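# Remarks on the overall topology
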Amino acid sequence: MIRFIKGALVTIVLLLVTGAPALAADDWGFRGLLRDGQRAPVAGATVTVSGDGGQIGQDVTDAKGRWAVIPVPGPGKYRITIKSADFSYEVTKELVDSPTTLHVQNVVVSTSDTAPAVASLTDRLAQRAVSGFNLGLLIAIAAIGLSLVFGTSRFTNFAHGESVTFGGLTGFLLAYVAGLPLLLAAAIATVLGGVFGYAQDVAFWRPLRRRGVSLVTLMIASIGISLAIRSLMQFFFGSAARSMTREDWGAVRLGPVVLPATSYAGMGISVVVLIGVGLWLTHSRIGKATRAISNNSALAATSGVDVDRIQRIVWVVAGGLAALSGVLLGVFNQVSFDMGFNLLLLMFAGVILGGLGTAFGTLAGSIVVGVCTEVLVLWIPADMKYVGGLAVLVIVLLVRPQGIFGRRERIG
Amino acid sequence: MIWESLRELITPTTAAYALAAIGLNVHFGLTGLLNFGQAGFVAVGAYGFAVSVMTFGLSAPLAIVVALLLAVVYALLLGVPTLRLRADYLAIVTIASAEIIRFALNSSAFATWTGGANGLYNEYSDWLKGSNPLPSGLLSLGPWTFTANDLWIAVVDWVVVLLVAGGIRLLVRSPWGRVLKGIREDEHAMLSLGKNVNLYKLQALVLGGVIGAAAGILYVQPTSVQPFDFATRMTFNMYTMLILGGAATVFGPILGSMIFWVVMSVTDQLVSLGVDAGLLHDVTQGSQLRFVLVGVALVLLVVFRPQGILGNRTELSFDAK
């Protein structure tokens, strides 16, 4: 499997290097190159391209190992079969109609390749489910912050996604640009995220609370802040997605599941942090005070809880958790200026699925949303990935608006 | 330079945004519904119309009907499960659904109909251009020059905007409009008067959504259809213009849209100056700064002047506890 991944990577790199000059914009097709293990060209092999309706075109490799463009009708999945006297290879390629991909794909194959084994559905399901669990944990870490802020400050903070992006971008600066070790970068980004949360509270939310503005005002202010911060990040970072780190920890195989080692580390960190937050909420004085404010802020205040101080602490914790989630998300996927905003919508799905205002529900709901998002990619196109997670949100509200663990009175 | 920016006062984009903001005003200003996904309605209208004409070959009037009916269905889908819940839920569900729609329209899965990430070329506005009574060529209007098509589309757009605004003015003063305002001010009081609050909210959601979809049809007539246009930024721009002009007023959204686009045009030219002076990397990067400005303006407006320019603070009480 690892060999296959290496092979695939080499193919991709070759694709980039040899990058075929595009024909006229509306022509679709495949061309390619066949070589042996010593990278010498292989002539005289038959290349066949077929689609759903059977064979579409055929060519024979020339003395340089090249086969000419075999035109196909348009975007879609095609099977490419390469046969010579002692070699047979079959691969499925997809042509996608997007501005970033070529209409004519260059396919480079070596006779030392073996045909990639198509993983069985259960294997792919297992792979996707573990990835989804990973994503779910990331959603949960960020969503618990959202949920705590909702509990103590009483409004849905639409700018919470930008705290996640802040973590991702800070991690990128520290790990990729400054070249710090990934774990150290993650730790520093988390701390800075806490500072960022504190700064938001001091700059916006505390003054607004003092003015006694309404829930609706707070939510609209939060979309304004979200738009401002997101645009500022796009201003500095640009619109492209980039990788988090140059470090490569290799891939680890567990049964049918192959994931980068960084993902397992991320999951480990997530679980530890989630348990830590759970214990903090249930056992520490501040955690108990936080839950007391969520339940009844006025009663908590009369019982001697310093509501303003707890709210401030919650903003710091929420900012730190969001930043950590951003770093891990950057490792899991990539870093971009809108990574947090996209995650925010999945956080909403997780929070509502679990039941607004229940910590354990948020965790369970987030994991369900993460798994749904990743597993559905087996059946729906990857560019509609988030639709699966968001569809869960709408269905839950139709069927059981209080969520899995919520109580009915919370939603009225 | 300032004359060039003032041209935005009457462009079709300003008119389309004004119309969509009028729809949002029915939700937010009049009824107090927190719709964070008006861009979804605009997208439904734009794509509903363009796809009906280009793929299914419907005539323009029929395509308009289809697009508006789709908006009704979409509003019912959003409203039925969420309107009985707390205000947050509608906000969350509308923003999520608007993104679902945009992801789906952007996806290669439906590219046969929607064009995927490339969007759709304008092969659907012949009905409007064909009915143009203006002499062809460049026409000047005051200090500005328009092509005949642009000017004609602008005229049609503004007629639609004024007709809808007039209709809203009548509705606001009708018993129906007073019930909506009552719901905004105190839902329980309206319940105790025997009003079916959820039904009224649903009607308001449908009406505002249909107006949003109509804005979508207007929005794409002078240009092509681009899925990226319908991002959440579009909705947030509308909130900024709505609160700037005055939520819950009839002409607030129109005034807001006009000021918004003039300011955007002025800042756009400042960005170009900044690029020429070497202060900014390029225009795309500079335009991000303008959206920082929009976000900050929205926060300041909603906190310090929630009634906007035309509004009446004592009437509009979304700022009250």
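Source: prediction; values computed, not measured.

Reading the values: rules and limits
- Residues numbered from 1 in each chain as written.
- Chains lettered and ligands numbered in written order.
- Predicted model: local features only at pLDDT ≥ 70, side-chain atom pairs only at ≥ 80, totals over all residues.
- Helix = DSSP H or I, 4+ residues; strand = E, 2+ residues; numbered from the N terminus.
- Rg over C-alpha atoms; globule rule 2.2 N^0.38 Å.
- Buried ≥ 20, exposed ≤ 12 C-beta atoms within 10 Å, placed from the backbone.
- Contact = placed C-beta atoms within 7 Å.
- Axes fitted to C-alpha atoms, helices over the stretch in contact; angles between N-to-C directions.
- Parallel < 35°, antiparallel > 145°, perpendicular 65-115°, else oblique.
- Left-handed = near helix turned anticlockwise from the far one by under 90°.
- Nonpolar A, V, L, I, M, F, W, Y, C, P; charged D, E, K, R; others polar.
- Pairing = 2+ DSSP bridges.
- Core = buried A, V, L, I, M, F, W, Y, C linked by C-beta atoms within 7 Å.
- Expected span 1.5 Å × (residues − 1).
- Domains from an automatic or database assignment.
- pLDDT = per-residue confidence, 0-100.

Here we take up the overall build of chain B. Helices and strands together make up the secondary structure of chain B, namely 14 helices and two strands. Taken against the 2.2 N^0.38 rule, which gives 20 Å for 321 residues, the C-alpha radius of gyration of chain B at 20 Å falls within 12% of a compact globule. Taking the principal axes of its C-alpha atoms as reference, chain B extends roughly 60 × 45 × 40 Å. For chain B, the proportion of its 321 residues judged to be buried stands at 51%. Contacts spanning at least 24 positions in sequence make up 73% of the contacts within chain B whose residues lie at least 6 apart.

With that settled, the discussion passes to the packing of helix α10 (residues 339–354) of chain A against helix α11 (residues 359–375) of chain A. Residues and elements named next belong to chain A. Following both chains from N to C, one finds α10 and α11 inclined at 125 degrees, their axes separated by 7 Å at the closest point. By the angle class used here, α10 and α11 are oblique. Judged by the sense of rotation from one axis to the other, the crossing of α10 with α11 is right-handed. Each of Leu-346, Ala-349, Gly-350, Val-351, Leu-353 and Gly-354 in α10 lies in contact with α11, whose residues at this interface are Gly-361, Thr-362, Leu-363, Ala-364, Gly-365, Ser-366, Val-368, Val-369 and Thr-373. Of the residues in the contact of α10 with α11, the class split is eight nonpolar, seven polar and no charged.

Whether parallel or antiparallel, the strands of a sheet pair through hydrogen bonds between backbone atoms. Residue and element names in this part refer to chain A. Here we have four strands laid out as an open sheet, ordered β3-β2-β5-β6, and antiparallel in their pairing. Where the open sheet ends on each side, the last strands, each with one partner, are β3 (54–60) and β6 (87–95). Pairs of neighbouring strands in the sheet enclose a mean axial angle of 20 degrees, with direction left out of account. The pairing of strand β2 (residues 46–51) with β3 spans six bridges and is classified as antiparallel. The partner of Ser-50 across the bridge, within β3, is Gln-55.

Attention now goes to the packing of helix α5 (residues 215–237) of chain A against helix α14 (residues 283–304) of chain B. Orientation of α5 of chain A relative to α14 of chain B, taken along the N-to-C sense of each, is 165 degrees, at an axis distance of 8 Å. The orientation of α5 of chain A relative to α14 of chain B falls into the category roughly antiparallel. The chirality of how α5 of chain A crosses α14 of chain B is left-handed. Where α5 of chain A approaches α14 of chain B, its residues Thr-217, Ile-220, Ala-221, Gly-224, Ile-225, Leu-227, Ala-228, Ser-231, Leu-232, Gln-234 and Phe-235 of chain A are matched on the opposing element by Gln-285, Gln-288, Leu-289, Phe-291, Val-292, Val-294, Gly-295, Val-296, Leu-298, Val-299, Val-302 and Val-303 of chain B. Broken down by class, the residue content of the contact of α5 of chain A with α14 of chain B amounts to 16 nonpolar, seven polar and no charged.

As a further point, take the nonpolar core. Judged by nonpolar contacts, the single largest core of 190 residues is most densely connected at Ala-142 and Leu-393 of chain A together with Leu-19 and Val-42 of chain B. The leading source of residues in this core is helix α9 (residues 307–332) of chain A, at 16 residues. What Leu-393 of chain A contacts, discounting residues up to four positions off in sequence, is Phe-348, Ala-349, Ile-352 and Leu-353 of chain A together with Val-93 and Ala-96 of chain B. Leu-34, Ala-45, Val-47 and Tyr-78 of chain A belong to the second-largest nonpolar core, a separate cluster that totals 15 residues.

With that settled, the discussion passes to α10 of chain A. Spanning 16 residues, α10 of chain A covers 22 Å between terminal C-alpha atoms, matching the ideal 22 Å at 1.5 Å per step. At the C-terminal side of α10 of chain A, Gly-355 of chain A shows a positive phi close to 115 degrees.

Below, the discussion takes up the environment of Leu-345 of chain A. Mapped onto the elements of the fold, Leu-345 of chain A is located in helix α10. Overall, Leu-345 of chain A belongs to the buried group, with 23 C-beta atoms counted inside 10 Å. Residues Leu-345 of chain A and Phe-332 of chain A lie 13 residues apart in sequence; the distance between their C-alpha atoms is 18 Å. Beyond its immediate stretch of four places on either side in the chain, Leu-345 of chain A contacts Tyr-386 and Leu-390 of chain A together with Ala-96 and Glu-99 of chain B.

The subject of this paragraph is the domain arrangement of chain A. Domain annotation of chain A identifies domain 1 (2–110) and domain 2 (121–410). Here the C-alpha centre of domain 2 of chain A lies 42 Å away from the C-alpha centre of domain 1 of chain A.

Right, let's get into the environment of Gly-32 of chain B. Residues and elements named next belong to chain B. Structurally, the position occupied by Gly-32 is in the loop between α2 (12–31) and α3 (38–54). Exposure remark for Gly-32: the 23 C-beta atoms within 10 Å place this residue in the buried category. Spatially, the C-alpha atom of Gly-32 lies 17 Å from that of Met-241, the residues being 209 residues apart in sequence.

Turning our eyes to something else, we now look at α11 of chain A. Spanning 17 residues, α11 of chain A covers 24 Å between terminal C-alpha atoms, matching the ideal 24 Å at 1.5 Å per step. Taking burial as the measure, the 17 residues of α11 of chain A include 14 buried ones, the bulk of the element.

Right, let's talk about the interface of chain A and chain B for a bit. The parts lose accessible area when they come together, and the size of an interface is often stated as this lost area. Across the boundary between the two partners, chain A contributes 42 residues, which contact 46 residues of chain B. Sorting the residues of the side of chain A that touches chain B by element identifies α5, α10 and α12 (385–399) of chain A as the ones contributing at least two each. Examining the composition of the side of chain A that touches chain B, we find that 15 residues originate from one element, α5 of chain A, more than from any other. Its residues placed into classes, the side of chain A that touches chain B shows 31 nonpolar, nine polar and two charged.

With that settled, the discussion passes to the sheet that holds strand β1 (residues 28–35) of chain A. Residue and element names in this part refer to chain A. Here we have three strands laid out as an open sheet, ordered β4-β1-β7, and mixed in their pairing. Each of the sheet's edge strands pairs with one partner strand only, and the pair in question is β4 (66–72) and β7 (104–110). Strand after strand, the sheet turns through a mean of 20 degrees between neighbouring axes, direction not considered. Sheet analysis places β1 next to β7, joined by seven bridges and oriented parallel. Bridging across to β7, Arg-35 finds its partner in Ser-110.

This part takes up the confidence of the model for chain B. When the pLDDT values of chain B are averaged, the result is 90; 98% of them are 70 or greater. Predicted complex metrics record ipTM = 0.89 and pTM = 0.81.

A few words now on the confidence of the model for chain A. A residue-level look at chain A finds 89% of positions with pLDDT of 70 or above and a mean pLDDT of 83. The model gives residues 7–25 of chain A a pLDDT under 50, and that stretch makes 16 contacts with residues more than four places away or in other chains.

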